[in-house]
Amino acid sequence: MITRFLVVVVLAGSVGGCSPPALARAGDLVVADGYAYQSMGDGASAFLVIRNEGTSDDTLTAAESPAAGLVMPHGTEVAGGAGRMVHLDAIPIPAGGTVAMGSGGLHLMLRELRRPLAVGDSCELRIRFARAGTLRVTVPVVGFSDRP
Ligand SMILES: [Cu+2]
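Focus on the overall build of the protein chain
Within the protein chain one finds zero helices and twelve strands. Starting at the N terminus and ending at the C terminus, the protein chain contains elements arranged as β-β-β-β-β-β-β-β-β-β-β-β. Evaluated residue by residue, the protein chain yields a buried proportion of 27% over its 148 residues. Here the contacts in the protein chain between residues at least 6 apart in sequence split such that 69% fall between residues at least 24 apart.

Printed below as a string of C-alpha coordinates:
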(Lines give C-alpha, C1' and ligand atoms only; values in the text may rest on other atoms or scores of the structure.)
Protein backbone atom coordinates (compact mmCIF):
# COMPACT_ATOMS: atom_id res chain seq x y z
CA MET A 1 0.00 0.00 0.00
CA ILE A 2 2.89 2.28 -0.76
CA THR A 3 1.65 3.68 -4.05
CA ARG A 4 -1.32 5.53 -2.60
CA PHE A 5 1.08 7.94 -0.88
CA LEU A 6 2.93 8.82 -4.03
CA VAL A 7 2.61 11.96 -6.03
CA VAL A 8 3.95 10.92 -9.41
CA VAL A 9 4.18 13.40 -12.22
CA VAL A 10 5.26 12.16 -15.61
CA LEU A 11 7.04 14.92 -17.46
CA ALA A 12 6.71 15.17 -21.21
CA GLY A 13 10.28 16.25 -21.88
CA SER A 14 11.71 19.45 -20.49
CA VAL A 15 9.12 22.17 -20.74
CA GLY A 16 10.47 25.23 -22.52
CA GLY A 17 14.02 24.29 -21.57
CA CYS A 18 13.64 26.11 -18.26
CA SER A 19 14.06 23.24 -15.80
CA PRO A 20 16.41 24.19 -12.97
CA PRO A 21 19.89 22.63 -12.94
CA ALA A 22 20.03 19.24 -11.27
CA LEU A 23 21.38 19.14 -7.72
CA ALA A 24 22.81 15.65 -8.16
CA ARG A 25 22.72 12.62 -10.41
CA ALA A 26 23.33 8.89 -10.04
CA GLY A 27 22.85 6.72 -13.11
CA ASP A 28 19.47 7.59 -14.63
CA LEU A 29 18.25 9.38 -11.51
CA VAL A 30 18.40 13.15 -11.16
CA VAL A 31 17.59 15.19 -8.06
CA ALA A 32 15.89 18.21 -9.59
CA ASP A 33 15.15 20.00 -6.31
CA GLY A 34 15.68 19.46 -2.61
CA TYR A 35 15.59 21.13 0.78
CA ALA A 36 15.37 20.35 4.46
CA TYR A 37 13.35 22.20 7.06
CA GLN A 38 15.03 23.71 10.08
CA SER A 39 15.12 21.20 12.91
CA MET A 40 12.60 20.81 15.70
CA GLY A 41 14.15 19.16 18.71
CA ASP A 42 16.51 16.48 17.41
CA GLY A 43 14.47 15.83 14.26
CA ALA A 44 13.94 17.40 10.85
CA SER A 45 12.39 16.51 7.51
CA ALA A 46 13.91 16.71 4.04
CA PHE A 47 12.29 16.71 0.62
CA LEU A 48 13.63 15.78 -2.81
CA VAL A 49 12.25 15.85 -6.32
CA ILE A 50 13.69 12.77 -8.03
CA ARG A 51 13.42 12.30 -11.78
CA ASN A 52 14.04 8.94 -13.45
CA GLU A 53 15.37 9.65 -16.95
CA GLY A 54 15.86 5.97 -17.72
CA THR A 55 13.66 3.27 -19.13
CA SER A 56 13.77 1.03 -16.04
CA ASP A 57 11.88 1.49 -12.80
CA ASP A 58 14.01 2.09 -9.73
CA THR A 59 13.31 2.05 -6.01
CA LEU A 60 14.51 4.21 -3.15
CA THR A 61 15.45 1.66 -0.50
CA ALA A 62 17.27 3.58 2.24
CA ALA A 63 18.71 6.93 3.22
CA GLU A 64 21.30 8.24 5.61
CA SER A 65 22.97 11.52 6.48
CA PRO A 66 26.14 12.49 8.30
CA ALA A 67 23.92 15.00 10.13
CA ALA A 68 21.62 12.40 11.67
CA GLY A 69 21.74 9.06 13.41
CA LEU A 70 18.73 7.83 11.49
CA VAL A 71 17.01 8.78 8.22
CA MET A 72 13.71 7.14 7.35
CA PRO A 73 11.57 7.34 4.21
CA HIS A 74 8.12 8.45 5.37
CA GLY A 75 4.75 8.88 3.79
CA THR A 76 1.72 10.65 5.16
CA GLU A 77 -1.59 8.89 5.66
CA VAL A 78 -4.67 11.00 6.15
CA ALA A 79 -7.30 9.45 8.41
CA GLY A 80 -10.23 11.33 9.92
CA GLY A 81 -8.87 14.65 8.66
CA ALA A 82 -5.55 14.26 10.47
CA GLY A 83 -2.24 13.41 8.84
CA ARG A 84 -0.15 10.63 10.33
CA MET A 85 3.37 9.74 9.23
CA VAL A 86 4.01 6.16 8.16
CA HIS A 87 7.33 4.47 7.58
CA LEU A 88 7.94 3.23 4.04
CA ASP A 89 10.32 0.38 3.27
CA ALA A 90 10.65 1.53 -0.32
CA ILE A 91 9.58 4.37 -2.62
CA PRO A 92 9.14 3.42 -6.29
CA ILE A 93 10.73 5.79 -8.83
CA PRO A 94 9.03 4.78 -12.09
CA ALA A 95 10.84 4.87 -15.43
CA GLY A 96 10.35 8.26 -17.06
CA GLY A 97 8.58 9.59 -13.97
CA THR A 98 9.21 12.13 -11.26
CA VAL A 99 8.57 11.61 -7.56
CA ALA A 100 8.02 14.91 -5.79
CA MET A 101 8.33 14.77 -2.02
CA GLY A 102 6.60 17.57 -0.15
CA SER A 103 5.24 18.75 3.15
CA GLY A 104 2.20 16.65 4.02
CA GLY A 105 3.34 13.83 1.74
CA LEU A 106 6.49 11.86 1.11
CA HIS A 107 9.56 12.99 3.01
CA LEU A 108 12.79 11.84 4.55
CA MET A 109 12.62 11.91 8.35
CA LEU A 110 15.87 12.78 10.08
CA ARG A 111 16.18 11.70 13.70
CA GLU A 112 18.95 11.82 16.28
CA LEU A 113 20.43 14.96 14.71
CA ARG A 114 24.05 15.47 15.66
CA ARG A 115 23.51 19.26 15.75
CA PRO A 116 20.54 21.51 15.08
CA LEU A 117 19.80 22.41 11.46
CA ALA A 118 19.35 26.18 11.17
CA VAL A 119 18.13 28.26 8.23
CA GLY A 120 21.09 28.84 5.92
CA ASP A 121 22.82 25.57 6.84
CA SER A 122 23.12 22.75 4.36
CA CYS A 123 22.49 19.07 4.88
CA GLU A 124 24.05 16.13 3.04
CA LEU A 125 21.85 13.17 2.21
CA ARG A 126 22.94 9.80 0.87
CA ILE A 127 20.09 8.03 -0.83
CA ARG A 128 20.28 4.39 -1.85
CA PHE A 129 18.47 3.07 -4.91
CA ALA A 130 18.10 -0.52 -6.01
CA ARG A 131 19.48 0.17 -9.51
CA ALA A 132 21.25 3.53 -9.49
CA GLY A 133 23.24 2.88 -6.31
CA THR A 134 24.00 5.66 -3.85
CA LEU A 135 23.18 9.24 -4.72
CA ARG A 136 24.73 12.01 -2.64
CA VAL A 137 23.08 15.38 -2.55
CA THR A 138 23.49 18.48 -0.40
CA VAL A 139 20.32 20.46 0.18
CA PRO A 140 19.75 23.87 1.77
CA VAL A 141 18.06 24.18 5.16
CA VAL A 142 15.07 26.51 4.94
CA GLY A 143 12.44 27.90 7.29
CA PHE A 144 8.95 26.39 7.48
CA SER A 145 7.41 29.31 5.61
CA ASP A 146 10.12 29.41 2.92
CA ARG A 147 8.95 26.24 1.15
CA PRO A 148 5.38 25.46 2.25
CU1 LIG B 1 8.07 11.69 9.05
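Regarding the confidence of the model for the protein chain
When the pLDDT values of the protein chain are averaged, the result is 89; 86% of them are 70 or greater. Residue range residues 1-16 is modelled with pLDDT below 50. Its contacts to residues more than four positions away, or to other chains, number 23 contacts.

Section: the nonpolar core
Among the nonpolar cores identified, the biggest contains 31 residues, and Leu29, Ala36, Ala46, Leu110, Cys123 and Leu125 are the most heavily contacted of them. Elements with a contribution of two residues or more to this core: strand E3 (29-37), strand E4 (44-52), strand E5 (58-65), strand E6 (68-79), strand E8 (91-93), strand E10 (107-113), strand E11 (122-129) and strand E12 (133-142). Excluding residues within four positions of it along the chain, cysteine 123 makes contact with Ala36, Ala46, Ser65, Ala67, Leu117, Thr138, Val139 and Val141.

Re the environment of tyrosine 35
Residue placement: tyrosine 35 occurs in strand E3. Assessed through the 19 C-beta atoms surrounding it within 10 Å, tyrosine 35 is described here as partly exposed. For the pair tyrosine 35 and leucine 48, spaced 13 residues apart in sequence, the C-alpha separation works out to 6.7 Å. In this structure, tyrosine 35 is in contact with Phe47, Val139, Pro140, Val142 and Arg147, ignoring residues within four places of it in sequence.

A few points about the pairing of E6
Sheet analysis places E5 next to E6, joined by two bridges and oriented antiparallel. Bridge pairing in E6 links serine 65 to alanine 68. Between E5 and the antiparallel strand that follows it, E6, lie two residues. Of the pairings in the sheet, the one linking E6 to E10 comprises six bridges and is antiparallel in character. Residue pairing in the sheet places valine 71 in a bridge with leucine 110 of E10. Direction of pairing for E6 relative to strand E7 (residues 82-87): antiparallel, over a ladder of six bridges. If you follow threonine 76 over to E7, its bridge partner there is methionine 85.

Thresholds, definitions, all that
- Residues numbered from 1 in each chain as written.
- Predicted model: local features only at pLDDT ≥ 70, side-chain atom pairs only at ≥ 80, totals over all residues.
- Helix = DSSP H or I, 4+ residues; strand = E, 2+ residues; numbered from the N terminus.
- Buried ≥ 20, exposed ≤ 12 C-beta atoms within 10 Å, placed from the backbone.
- Contact = placed C-beta atoms within 7 Å.
- pLDDT = per-residue confidence, 0-100.
- Core = buried A, V, L, I, M, F, W, Y, C linked by C-beta atoms within 7 Å.
- Pairing = 2+ DSSP bridges.

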